[in-house]
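Understanding the architecture of this molecule
What follows is the residue order along each chain.
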Amino acid sequence: MKKYILIPTSILIFSFLFASTSGAQVNQESEIQNKVRVVKVKKLSKKDNKIRTRVSWKAIPEITEYQVQLLKKCKTCEKKYKKVKLYTVENPKTLKKSKRPYKIIKRKVGKYIKNKKYGVRVRTIDGKWSEKVWFVSRQVPPKCKTPKAPSSANPTSIVGNGTAASCSEQAFKDAVAQGGIIKFDCGPEDHTIVLTSVAKANTSKDTIIDGEKLITLSGGSTTRILELDTGNFELTAPTLTVKNLIFRNGRSTASNRYNDDGDYLGADQDGGGGAIFFYGGKVKSFNNKFYNNHCPDWGPDLAGGGIYGIGEGRMVIVNNRFKNNTCANGGAVGGLHTSIKIYNSSIIKNKALGKGANYQDENNVQQGHGGNGGGILMDGDEQDFLLCGSTVSQNTANALGGAMFRTTYQGRGTMKIKKSLIKKNRVTDKENPNNQNEPAGAGGIYFQGGPISIKNTTILKNSAPSFGGMQLADDYTTINFNKVKFLRNVSRQSLAGGIYIGPGVTGKINNSSISYNKAPSAFAAAIAGGGESGIVLKNTKILHNTSGNHWNPMSCQNSFIDGGGNYQFPVVRPNGESDFPDYLCSANITVKDINK
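Overview of the structure. (Residues numbered from 1 in each chain as written. Predicted model: local features only at pLDDT ≥ 70, side-chain atom pairs only at ≥ 80, totals over all residues. Heavy atoms only, no water.)

**As for the side chain of Ser157**
Our working definition: By definition, any uninterrupted DSSP run of H or I lasting at least four residues is a helix, any uninterrupted run of E lasting at least two residues is a strand, and each is numbered from the N terminus. Using a 1.4 Å probe on the protein chains alone, a residue whose accessible area is under 20% of its type maximum counts as buried, one over 50% counts as exposed, and one in between counts as partly exposed. Any pair of residues with heavy atoms lying within 4.5 Å of one another is described as a contacting pair.
Summarising the element assignment, Ser157 is placed in strand E10 (residues 157-159). Ser157 gets classed as buried once you look at its relative accessible area, which sits at 10%. Among residues more than four places away in sequence, those in contact with Ser157 are Ala175, Gln178, Ile181, Ile182 and Lys183.

**Remarks on the pairing of strand E14 (residues 207-218)**
Consecutive side chains of a regular strand alternate in pointing toward one face of the sheet and then the other. Filter applied, for reference: Pairing between strands requires that DSSP locate at least two bridges from one strand to the other.
Most of E14 sits out of view: 9 of its 12 residues are buried. Sheet topology note: the strand E11 (residues 180-184)/E14 ladder contains 3 bridges and is parallel. Counted as the bridge partner of Ile181 is Ile208 from E14. Two elements, strand E12 (residues 191-194) and E14, share 4 bridges in a ladder whose sense is parallel. Note on E14: the bridge partner recorded for Val194 is Ser218. Inspection of the sheet shows E14 paired to strand E16 (residues 239-248) by 8 bridges, in the parallel sense. From the neighbouring strand, Ser218 faces E16, where its bridge partner is Arg248.

**Quick word on the state of the cysteines**
Let me state the cut-off plainly: Disulfide assignment relies on a single distance test, namely cysteine sulfur atoms paired within 2.5 Å.
Inspection of the entire model under this criterion finds 5 disulfides. Two residues, Cys74 and Cys77, share a disulfide whose sulfurs are 2.1 Å apart. Across the S-S bond linking Cys74 and Cys77, the dihedral sits near 80°, which makes this disulfide right-handed. Residue classification places Cys74 among the buried positions, given a relative accessible area of 9%. Assessed through its relative accessible area of 18%, Cys77 is described here as buried. Each disulfide pairs two cysteine sulfurs, and for Cys295 the partner residue is Cys327, the sulfurs being separated by 1.8 Å.

**Digging into the sheet that holds strand E19 (residues 276-279)**
The strands making up a sheet associate through backbone hydrogen bonding, with each pair oriented either parallel or antiparallel. The 11 strands are arranged E13-E15-E19-E22-E26-E32-E36-E40-E43-E46-E50 in an open sheet whose pairing can be described as parallel. Bordering the open sheet on either side are strand E13 (199-200) and strand E50 (527-529), each of which pairs with just one other strand.

**What to know about the packing of aromatic side chains**
Inclusion rule: Each aromatic pair joins two rings of Phe, Tyr and Trp (for Trp, the six-membered one) with centres within 6.5 Å, and gets the label stacked for planes under 30 degrees apart, edge-to-face for over 60, and tilted for any other angle. The rule is short: NZ of Lys or CZ of Arg within 6 Å of the ring centre and within 35 degrees of the ring normal puts a charge over the ring.
In the structure shown here, the tally under the stated rule is 8 aromatic pairs. Pairing Phe247 with Phe290 gives two aromatic rings, centres 4.8 Å apart and planes at 5°, and the pair type is stacked. You can see Phe247 sitting in strand E16 and its partner Phe290 sitting in strand E21 (residues 289-291), a full 43 residues away along the chain. In textbook terms, an aromatic cluster arises when at least three aromatic residues are bridged by ring pairs, as seen for Phe247, Phe290 and Phe322. Lying over the aromatic face of Tyr516, Arg488 brings its terminal NZ or CZ to 4.6 Å of the ring centre.

**Re unusual backbone geometry**
Between Ala237 and the following residue, Pro238, the backbone shows a cis peptide bond with an omega angle of 5°. Here Pro238 is to be found in the loop between strand E15 (226-229) and E16. For the bond from Phe569 to Pro570, the omega torsion is -10°, close enough to zero to count as cis. Along the polypeptide, Pro570 turns up in the loop between strand E55 (567-569) and strand E56 (590-591). One non-glycine residue, Ser221, lies in positive phi territory at about 60°. Examined against the element boundaries, Ser221 turns out to sit in the loop between E14 and E15.

**A look at the pattern of salt bridges**
Which entries qualify depends on this criterion: Think of a salt bridge as a Lys or Arg side-chain nitrogen and an Asp or Glu carboxyl oxygen that are within 4 Å of each other.
All chains considered together, the criterion is met by 9 salt bridges. Between Arg412 and Asp381 there is a salt bridge, with its nearest N and O atoms 2.5 Å apart. On the criterion of sequence distance, the pair formed by Arg412 in the loop between strand E36 (404-407) and strand E37 (414-418) and Asp381 in the loop between strand E32 (376-379) and strand E33 (384-388) is long-range, its members being 31 residues apart. By relative accessible area, which is 33% here, Arg412 ends up partly exposed. Judged by relative accessible area, which is 19%, Asp381 ranks as buried. Through salt bridges with shared partners, one network takes in Asp381, Glu382 and Arg412.

**Focus on helix H2 (residues 169-178)**
Let me state the cut-off plainly: Directions drawn from the helix axis to the C-beta atoms are what define this arc.
Of all the residues in H2, the buried ones are Glu169, Phe172, Lys173, Ala175 and Val176. Along the axis of H2, the buried positions cluster into a sector of 165°, meaning they face one direction only. Elements in contact with the buried residues of H2: E10, E11, E12, E13, E14 and E15. The positive-phi residue at the C-terminal boundary of H2 is Gly179, with phi of around 80°.

**Concerning a positive patch on the surface**
To be explicit about the condition: The patches described consist of residues with a relative accessible area above 30% and no salt bridge, like charges being joined within 9 Å and nonpolar side chains (Val, Leu, Ile, Met, Phe, Trp, Tyr) within 5 Å. Note on areas: Shrake-Rupley, 1.4 Å probe, and residue coverage restricted to the protein chains presented here. By the counting rule applied here, Lys and Arg register as positive and Asp and Glu as negative, while His and the ends of each chain are not counted. Charge positions come from single atoms, namely NZ of Lys, CZ of Arg, CG of Asp or CD of Glu.
A cluster of basic side chains, namely Lys73, Lys79, Lys83, Lys117 and Lys132, defines a positive patch on the protein surface. Here Lys73 is to be found in strand E4 (residues 65-73).

**Quick word on the environment of Ala165**
Looking at the secondary structure, you find Ala165 in the loop between E10 and H2. As for Ala165 and His191, which are separated by 26 residues in sequence, their C-alpha atoms are 9.7 Å apart.

**Observations concerning the nonpolar core**
Which entries qualify depends on this criterion: The definition of a nonpolar core used throughout is a set of buried Ala, Val, Leu, Ile, Met, Phe, Trp, Tyr and Cys residues joined through side-chain atoms within 4.5 Å.
In terms of nonpolar packing, the biggest core is built from 73 residues, with Phe172 and Leu226 touching the most fellow members. Aside from chain neighbours lying at most four places away, what touches Leu226 is Phe172, Val176, Val198, Ala199, Ile209, Leu240, Val242, Phe247, Ala275, Ile276 and Phe277. By size, the runner-up hydrophobic cluster in this structure holds 11 residues, among which are Ala303, Tyr308, Ile310 and Leu336.

**Here we look at the pairing of strand E20 (residues 282-286)**
Along E20, 4 of the 5 residues are buried, which leaves the element largely enclosed by surrounding structure. Sheet topology note: the E16/E20 ladder contains 5 bridges and is parallel. Bridge pairing links Thr241 to Lys284 in E20. As paired elements, E20 and strand E23 (residues 314-318) share 5 bridges and run parallel to each other. Across the sheet, Ser285 pairs through a bridge with Ile317, a residue of E23.

See the structure below:
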């Protein structure tokens, strides 16, 4: 049974949410008609191997028993669907925070198949069924083993004395400046502390801030929220740890920078980190949420709408959620010579708003204004990057790397991606397509300059003007891909719907699939580049990739070293010419559609 598939598991959990109506005499059938809707589908922990589908409908106060039926699409059935399971919902419990009744049911439902349509419908015991609501089974990454959060059992400081009013901005700032273990006593309800200026962490000892899932720290859309500034690029201590908090509406600012000709380049790099910024030292983030945090949107070397680190320290992110954060680069997370490790987190709908990327002109003058890494940016020599068990989805960049951008130098820094999903990220079109100094590519991942390892990961439905799924550059880049799926990525104006492999890149692609990618305006929809690069292709499927230029190879621009067990289909182009034998993806590849 495959680990990454949401629906093909052994146990299904429905969480049913109700909203009550008034009136003693109610027509039971009409009240529930057309009220069912699928709210969310998500994977629970890898250990219990369960899935959760949340269904809500309008309930009748006098009726506490309903039936919910799970359906599966069926092409050969008379009604075009099969009845899979019937659940009876009785005596709904009360959900603590929202005060809405709900019910959890656990049942075995048999084997499911990924990317298939399933549906639900609801009725009272004697009523008619509501309309069927269909949803598609989804792939989600399995969880990874994570670093353990430090204990906050014996606090040094407690912000507040039991009331919301006592949890003031100044009380919080004083505790952060003192350092140690910080907790809150702001009363039983959720509480927001709005800052008018940044809270500066102690630079001589470690600090742990634990919100216990009750505290939101807000920058009020005017200020950065937290800062650890040691003043020393090389320091790897102290450590600022944040736990169980919401960071919302942080906004950082910075001095502006210009080139020698007086051209505006944007804000300086210390303007990164809309919510959290650190210079030297470490930042560790456990079980936090970052919403609507922003830093300047113009500049080549600033990043991280949520968190930005500069220096030789480390950033560790565990079970976090980043959504709707923006910056010139790295809409959610950024690091400059700072190692980054991200576990079991979601990075969704963040934006890198700069343009022109980051490059030097023929006179070695800094040019470009950012736009790299819609979700994540890391620029670091001799530093390591890890993404494990995470989803990076629906992020947008204006230059390179819709999901993430990583560059290192002369092979002195690594990148590892495991058990993750890179989905529906996008790079916007060039304002001037004829301007070659305005990069716009790598809808999923941009990487250059060192070893990159990707395992058990899906790169799905990403798009860019060029290189839909991934761009690999630089002579020092070596790849090790195993069980990687490049599916349905699109290069809208150029080559390589799946992968672009630059000159000098070496390595291997094993047990992978590069299928259903598109290059509607060009050719080589699966893989472009890679000529004489030393890439070994083994046990890999390259199927149903489509291109718009029918006079050139559909799937691969060049042939790779054949490691055996490879498949390619189709080879006949719409104009009747063929990729066989001159443009096969490897010399001994089998021409066969094994997806039938």
